[in-house]
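# Structural description and commentary
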Amino acid sequence: MSEEVLKKTKIQWYPGHMTKARREMKESVKLIDLVIEIADARAVMSSLNPDINRIANGKVRMMILNKSDLADEAVNKAWVEYFQGKGIKCICLDSRKNNSMNPVRKAIEEVCSDKIERDRKRGIKGRPVRAMVVGIPNVGKSTFINSFSGKSVAKTGNKPGVTKGKQWIRIDKNCELLDTPGILWSKFEDAATGEHLAFIGSISDEVVEQTDLCIELVAFLKTKYPGVLSERFGVDEGLEAGTFLNEVADKRKLLKKGSEPDYDRTVRVIIDEFRSGKIGRISIENPEDYQ
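To start, this report covers the structure provided alongside it. (Residues numbered from 1 in each chain as written. Predicted model: local features only at pLDDT ≥ 70, side-chain atom pairs only at ≥ 80, totals over all residues. Heavy atoms only, no water.)

### Quick notes on the overall build of the protein
Across its full length, the protein holds twelve helices and six strands. Counting all 291 residues of the protein, 51% fall into the buried class. Pairs at least 24 apart in sequence give 67% of the contacts found in the protein among residues at least 6 apart. Carbon together with sulfur atoms contributes 46% to the accessible area of the protein, which is approximately 14,500 Å² in total. (Helix = DSSP H or I, 4+ residues; strand = E, 2+ residues; numbered from the N terminus. Buried < 20%, exposed > 50% of the residue type's maximum accessible area, 1.4 Å probe, protein only. Contact = heavy atoms within 4.5 Å. Areas by Shrake-Rupley, 256 points an atom, 1.4 Å probe, with all protein chains shown as cover.)

Listed below in structure tokens is the structure:
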């Protein structure tokens, strides 16, 4: 992606509600026992907001790598080891599956055992663990909460910025969750962070030039996961970028009148099929890069 596109993304996609949400999060953290941070398993480090790290400093932490069914399984395991090596409980999750929540319940009891024991010694009964669920846009926080609670209590969507305000959700007598809006930070440390977030849809597509994004995604996949594009689209992925898009458009019949390739539709198909996992289980980032 061009530096010009990234600059536009950084300047233009920091909606006003994110500033408000960050301020509310800073106030709410005083009321909670546990911070549950949701990251996208495909781009773990890029989807960790450094502002959240500062806000949650001193609180018990738990990491959930959501959408792990879309990420490389071996890399998922490596990320779990990476975080647990730093003393942070980490769970890989596909939060669309309701039956995936038992490990989360057990993990909450484990990481909050000191709080639970402290309450017991003080004779405090029935006080639930209060956890704040945080993360950047479009990592699946609301889907996680709905699956955990067993009901649709948080609004979901497949684009960033769906959750606008905070709300408390009672899971059961032992646990309450505070849902918070996804927040980005005002300045990315490097161009790769913005690019990776754009790949997974955590930056609004409206502020990123989609053809540039698709070409960068294709280049990444050819380098890190050779063969997956050829297998998915039936086209030689070694072709020059423009020719590759032409061939995909022809193969998928993504054509305008006069049999001209419809680049907009072709780009959209490639990006969407990556995001939905149809191209394969892909991890954009590996913990080896962050040792």
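### Structural notes on the layout of surface pockets
Quantified by volume, the second largest pocket comes out at close to 450 Å³. Lining the second largest pocket are 21 residues, with Met-45, Ser-46, Leu-48, Asn-49 and Pro-50 positioned closest to its centre. Secondary-structure elements contributing two or more residues to the lining of the second largest pocket are helix H3 (50-55), strand S2 (60-66), helix H4 (73-84) and helix H8 (191-200). The element that contributes the greatest number of residues to the lining of the second largest pocket is H8, accounting for three residues. Of the residues that constitute the lining of the second largest pocket, the class distribution is ten nonpolar, five polar and six charged. (1 Å grid on protein atoms, 1.4 Å probe; cavity = no way out; pocket = protein on both sides within 12 Å on 5 of 7 lines; lining within 4 Å. Points joined across faces, edges and corners; volume = space filled by probe spheres on them. Nonpolar A, V, L, I, M, F, W, Y, C, P; charged D, E, K, R; others polar.)

### Describing unusual backbone geometry
Even without being glycine, Lys-253 reaches a positive phi, approximately 60°. Looking at the element boundaries, Lys-253 is found in the loop between helix H11 (241-251) and helix H12 (263-275). According to the relative accessible area criterion, Lys-253 is exposed, its value standing at 60%. Located in the positive-phi region is Ser-259, a residue other than glycine, with phi close to 65°. Relative to the helices and strands, Ser-259 is located in the loop between H11 and H12.

### Points about the packing of H8 against helix H9 (residues 210-224)
Remark: H8 packs on H9, axes separated minimally by 10 Å, with the N-to-C direction vectors making an angle of 95°. Classed by the angle they form, the pair H8 and H9 counts as roughly perpendicular. Between H8 and H9, the residues in contact are Glu-195, Ala-198 and Phe-199 and Leu-213, Glu-216, Leu-217 and Phe-220, respectively. (Axes fitted to C-alpha atoms, helices over the stretch in contact; angles between N-to-C directions. Parallel < 35°, antiparallel > 145°, perpendicular 65-115°, else oblique.)

### Focus: the environment of Lys-166
In this structure, Lys-166 sits in the loop between helix H7 (141-149) and strand S5 (167-172). Once residues within four sequence positions are removed from consideration, Lys-166 is found in contact with Glu-24, Ser-28, Leu-178, Asp-179 and Pro-181.

### Quick look at the side chain of Glu-176
With respect to the secondary-structure elements, Glu-176 resides in strand S6 (residues 175-179). Overall, the relative accessible area of 16% leaves Glu-176 in the buried class. Engagement of the side chain of Glu-176 in a polar contact is seen with the side chain of Arg-130, the distance being 3.2 Å. When near neighbours in sequence (up to four residues on either side) are disregarded, Glu-176 contacts Pro-128, Val-129, Arg-130, Ala-131, Trp-168, Ile-169, Arg-170 and Ile-171. (Polar contact = N/O pair within 3.5 Å; in protein donor to acceptor, adjacent residues only side chain to side chain.)

### Observations concerning the side chain of Thr-193
Here Thr-193 shows up in helix H8. Here Thr-193 falls in the buried class, since its relative accessible area comes to 11%. Not counting residues up to four positions away in its chain, the partners in contact with Thr-193 are Ser-46, Trp-185 and Phe-188.

### Some words on helix H5 (residues 102-111)
Residues Val-104, Ala-107, Ile-108 and Val-111 constitute the buried set of H5. Projected down its long axis, H5 shows its buried positions confined to an angular sector of 100°, all on one face. Residues of H5 that are exposed and angled more than 90 degrees away from the buried face: Asn-102, Lys-106 and Glu-109. (Arc of directions from axis to C-beta.)

### Comments concerning the pairing of strand S3 (residues 89-92)
Bridge count for S2 against S3 is four bridges, and the pairing is parallel. Bridge pairing in S3 links Met-62 to Lys-89. (Pairing = 2+ DSSP bridges.)

### Brief notes about the nonpolar core
Among the nonpolar cores identified, the biggest contains 70 residues, and Val-104, Phe-144 and Leu-177 are the most heavily contacted of them. Ranked by residue count, the leading element in this core is H9, at six residues. When sequence neighbours within four positions are dropped, the list of residues in contact with Val-104 reads Met-62, Ile-64, Ile-91, Leu-93, Phe-144 and Phe-148. Within the second largest apolar cluster, 13 residues are counted, among which are Ala-41, Leu-65, Val-75 and Trp-79. (Core = buried A, V, L, I, M, F, W, Y, C linked by side-chain atoms within 4.5 Å.)

### Looking at the sheet that holds S2
The strand order across the open sheet formed by six strands is S3-S2-S1-S4-S6-S5, and the pairing between neighbours is mixed. The open sheet has two edge strands with one neighbour each: S3 and S5. Across the sheet, the mean angle separating the axes of adjacent strands is 25° when strand polarity is ignored. Of the strands in this sheet, S2 and S3 touch H4, which is tilted by about 165° from S3.

### Here's the deal with the packing of H11 against H12
Closest axis-to-axis distance for the H11/H12 pair is 10 Å, and the angle between their directions is 90°. Regarding the angle of H11 to H12, the classification is roughly perpendicular. Note on element contacts: H12 touches H11 through Tyr-263, Thr-266, Val-267 and Ile-270, opposite Gly-242, Phe-244, Leu-245, Asn-246, Val-248 and Ala-249. Classifying every residue of the contact of H11 with H12 by side-chain character gives seven nonpolar, three polar and no charged.

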